[in-house]
Amino acid sequence: MTDLFLSGALCHAPLLTAVIGRLPALRAATLSDYSLIRTEEYPAGCLVAAPGGFAAGGVATGLSRAEQARLAFFHKVLGLTAQIAMVTVGDAPVRCRLWSADAPLAGLPWDEVAFQARWAGALTATAGDVMALYGQRPAADLRGRFVPMLVRGASRVRAAGGAPALRRRAQAQDVEVIARRQPYAAFFAVEEYDLRFRRFDGAMSPVVSRAVFVSGDAVTVLPYDPVRDRVLLIEQFRAAVHARGDDQPWLLEVIAGRVDPGETPPEAARREAAEEAGLALGDVLEVARYYPSPGAKAEYLYSYVALADLPDGTAGTFGLASEAEDIRGHLISFDRLMALVRSGQAANAPLILTALWLERERGRLRR
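What you are looking at is a predicted structure, and each value in this text was computed from that prediction instead of being measured. Residue indices follow the written sequence of each chain, beginning from 1 at its first position. Only residues with pLDDT of 70 or above have their local features reported here, since the model is predicted, and side-chain atom pairs are shown and tallied only from 80 upward, although totals for entire chains, interfaces and linings are computed over all residues. Only hydrogens and water are set aside; all other atoms, that is, all heavy atoms of the structure, feed into the side-chain values.

## Observations regarding the sheet that holds strand β9 (residues 208-214)
An order of β7-β8-β9 is seen for the three strands of this open sheet, with the pairing classed as antiparallel. Lying at the two open borders of the sheet, with one neighbouring strand each, are β7 (175-185) and β9. Within this sheet the neighbouring strands show an average axis-to-axis angle of 25 degrees, counted without direction. In terms of strand pairing, β7 meets strand β8 (residues 189-197) through eight bridges, oriented antiparallel. In the sheet register, Val177 faces β8, and the bridge partner there is Leu195. At least two DSSP bridges between two strands are required for those strands to pair. Numbering of helices and strands starts at the N terminus; helices are DSSP runs of H or I of at least 4 residues and strands are runs of E of at least 2. Each axis is a line fitted through C-alpha atoms, and for a helix only the stretch in contact is used; angles between axes span 0 to 180 degrees, taken between their N-to-C directions.

Dropping the structure here:
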C-alpha cells in the first residue's frame, strides 16, 4: 500500500472528502526540490520541479485501492501526472506517490488565504461534480471541460443558502436522485436525472425523468450615459436563433457573459464590458437576479445597468478572436431603446427587463 503526498487544494478537508468519500488523516510533510504554485489553469495548485525549493503538504496512509483510484482520477482531471518521490515527515524520509506538472510552469506561489476566500467553495463543488462522473466518463474528457465545470461549481456556491419567500422551504430529503447521467458535455452540458420530489400533499412523487441544460451563472449589463441619455447595445449572430428558423439571427442585446470561477458577478460585468465593447464602467447597479427559463435550463442571470461615458464614436466592433466573437456596438438614445422594446425588435428577455428597469429609474439616475 502506497503513501500519498497531497498538497494545495487536496489538503482542504471538504474537497478531499468529496474526492475519496471520507476524510483521511494527513501527516504534515515537506517535499524538497519542488514548489507549489497556482495559475489560471491550475487554481487547485500544481507541484513543479524547483531545485532548492520545497512544498508543504500532507501524507495520507492506509487508503484503499478504490480510494487511491479516485484520487488518481481526480488528479488526471486536474491535468497532473503521477510519480514517486521521497518526502519528509518529521525527520524521517517517506516514499510517496504524488502528482505534479509534467512540464515547466510559471505561476504565483500557493496562497492558502486566497484559496479559501475565492476558490475553496467552487473547487469543492466541482470535485463533487467530477466524482459523480467517475466510472462514466474518462478523465481526459473532463479535463477538456474543467473550466466550464468550475463555472458550474461556482454557480452552485452562489445558489446555496437562499431564504425563500412564499415558496416551500426545501429540506434535504425532499428531493431523491435515483440516477444521474450526462449524455452530452462540451462547453455546455445536458444532464438527465431520474428523481422523486416532495409533493405539496407531503407524499413523494413517482420517479420521473428530467433533462437539464447546464450552462452556469452569467451576467448582463447595459451601459447608460445619464448626461447624454443614451445607451450602448451590442449586436451579434446567435446560433440558437438560427436553429429556431428565424431568418434574422443577428440580435440586439445587452453585454453578457459567464461569471468566471474566482470572480464576482459585478467583476464579470466589468470584464465583459471591456471585452465586448471596449468600455470601462462606472457604478454597476443591480437590476435583478433570476432564472430566465427554469423549465429546462440551470442558467441564472445577474442583470445590471452600469453608468458610463458614451460619447460619439464609442461604438465599434469588438469580441475575443479566440472565441470567434464578432460583436458590433450601437449607441442609441433612451427613447430609441424604448421604441425597440415596444416594437418587438428588442427580442430577448434581459434587454427587455433591463430597459423597463431603466425606464423606472432613469429620472433618479439623471438627477
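There is more to say after this.
## Here we look at unusual backbone geometry
For Asp229, which is not glycine, the phi torsion reads 55 degrees and is therefore positive. For Asp229, the position within the fold is in the loop between β10 (218-225) and β11 (230-237).

## Description of the pattern of salt bridges
Any Lys or Arg side-chain nitrogen located within 4 Å of an Asp or Glu carboxyl oxygen qualifies as a salt bridge. Here the structure, examined in full by the defined rule, presents 32 salt bridges. Arg228 serves as the salt-bridge partner of Asp225, at 2.6 Å between the closest nitrogen and oxygen. Each of the salt bridges in this network shares a partner with another, and the network as a whole consists of Asp129, Arg152, Arg156, Arg180 and Glu191.

## Notes on the nonpolar core
The nonpolar side chains of a soluble globular protein tend to be buried with one another. In this structure, Phe5, Leu71, Phe74, Val87 and Val130 are the most contacted members of the largest nonpolar core, which totals 50 residues. In terms of residue count, the dominant contributor to this core is strand β3 (residues 46-60) (six residues). Contacts: residue pairs with any heavy atoms within 4.5 Å of one another. The residues contacting Leu71, other than those within four sequence positions of it, are Leu4, Leu6, Leu10, Leu16, Val19, Ile20, Leu63 and Trp99. Formed by 20 residues, the second largest nonpolar core is a distinct cluster that contains Leu252, Val254, Ala355 and Trp357. Joining through side-chain atoms within 4.5 Å is the link that ties buried Ala, Val, Leu, Ile, Met, Phe, Trp, Tyr and Cys residues into a set, and such a set is a nonpolar core. Throughout, exposure labels follow a simple rule: accessible area from a 1.4 Å probe, protein chains only, divided by the maximum for the residue type, with under 20% read as buried, over 50% as exposed, and the rest as partly exposed.

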